[in-house]
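Descriptive structure summary
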Amino acid sequence: MDVLTLFGLVAVTAMLVTYALEDRSHWFVLLFAMSCVLGSAYGFLQGAWPFGVVEAIWALVALRRWHLRPR
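Keep in mind that this is a model prediction, so the values were computed, not measured.

What about the overall build of the chain?
- Along its length, the chain carries three helices and zero strands.
- Taken from the N to the C terminus, the helices and strands of the chain come in the order α-α-α.
- At 12 Å, the chain has a C-alpha radius of gyration in line with the 11 Å of a compact globule built from 71 residues.
- With the principal axes as the frame, the chain shows a C-alpha extent of 40 × 20 × 10 Å.
- The proportion of buried residues among the 71 residues of the chain is 30%.

A word on the side chain of Ser40
- When you line up the elements, Ser40 lands in helix H2 (residues 26–46).
- Among the polar contacts listed, one links the side chain of Ser40 to the backbone oxygen of Gly52, at a separation of 2.7 Å.

Details of the packing of H2 against helix H3 (residues 49–68)
- The contact between H2 and H3 brings their axes to 7 Å, and the two run at 165°. Here H2 lies roughly antiparallel to H3, going by the angle between them. In terms of crossing hand, the pair formed by H2 and H3 is left-handed.
- Taken together, the residues of the contact of H2 with H3 sort by class into 18 nonpolar, five polar and two charged.

A few points about H3
- Given a rise of 1.5 Å per residue, 20 residues ought to cover 28 Å, and the 29 Å separating the end C-alpha atoms of H3 matches this to within 8%.
- Listed in full, the buried residues belonging to H3 are Gly52, Glu55, Ala59, Ala62 and Trp66. The buried side chains of H3 occupy one side of the element, clustering within an arc of 85° when seen end-on. Projecting away from the buried face of H3 at angles above 90 degrees are the exposed residues Trp49, Leu60, Arg64, His67 and Leu68.
- Close packing links the buried residues of H3 with helix H1 (3–20) and H2.

Structural notes on the environment of Val3
- Relative to the helices and strands, Val3 resides in helix H1.
- Each C-alpha atom of the pair Val3 and Leu21 lies 27 Å from the other, and the pair is 18 residues apart in sequence.

Structural notes on the pattern of salt bridges
- In this structure the tally under the stated criterion is one salt bridge.
- Note that Arg65 and Glu22 form a salt bridge whose closest N and O atoms lie 2.4 Å from each other. Residue Arg65 is located in helix H3, and its partner Glu22 is located in the loop between H1 and H2; the two are separated by 43 residues in the primary sequence.
- We classify Arg65 as partly exposed; its relative accessible area is 31%.
- For Glu22, a relative accessible area of 7% puts it in the buried group.

Conventions used here
- Residues numbered from 1 in each chain as written.
- Predicted model: local features only at pLDDT ≥ 70, side-chain atom pairs only at ≥ 80, totals over all residues.
- Heavy atoms only, no water.
- Helix = DSSP H or I, 4+ residues; strand = E, 2+ residues; numbered from the N terminus.
- Rg over C-alpha atoms; globule rule 2.2 N^0.38 Å.
- Buried < 20%, exposed > 50% of the residue type's maximum accessible area, 1.4 Å probe, protein only.
- Polar contact = N/O pair within 3.5 Å; in protein donor to acceptor, adjacent residues only side chain to side chain.
- Axes fitted to C-alpha atoms, helices over the stretch in contact; angles between N-to-C directions.
- Parallel < 35°, antiparallel > 145°, perpendicular 65-115°, else oblique.
- Left-handed = near helix turned anticlockwise from the far one by under 90°.
- Nonpolar A, V, L, I, M, F, W, Y, C, P; charged D, E, K, R; others polar.
- Expected span 1.5 Å × (residues − 1).
- Arc of directions from axis to C-beta.
- Contact = heavy atoms within 4.5 Å.
- Salt bridge = Lys/Arg side-chain N within 4 Å of Asp/Glu carboxyl O.

Function-wise, these values are silent; they only describe arrangement.
Here it is in structure tokens:
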């Protein structure tokens, strides 16, 4: 497994875990947004730019949800 694949695995795993824990704290929504940014970076680095674009959009959606979520 090369470094790029490991990076992608970590990014997608972080997305899964933080998404599952979003109901526990608004901070998990922010962490989900950050992991989407990592997933987007992975997509662009891998050359799968559609994946990178979709993950970037998900990051923006999650940031908006974090901003609007009551603390």
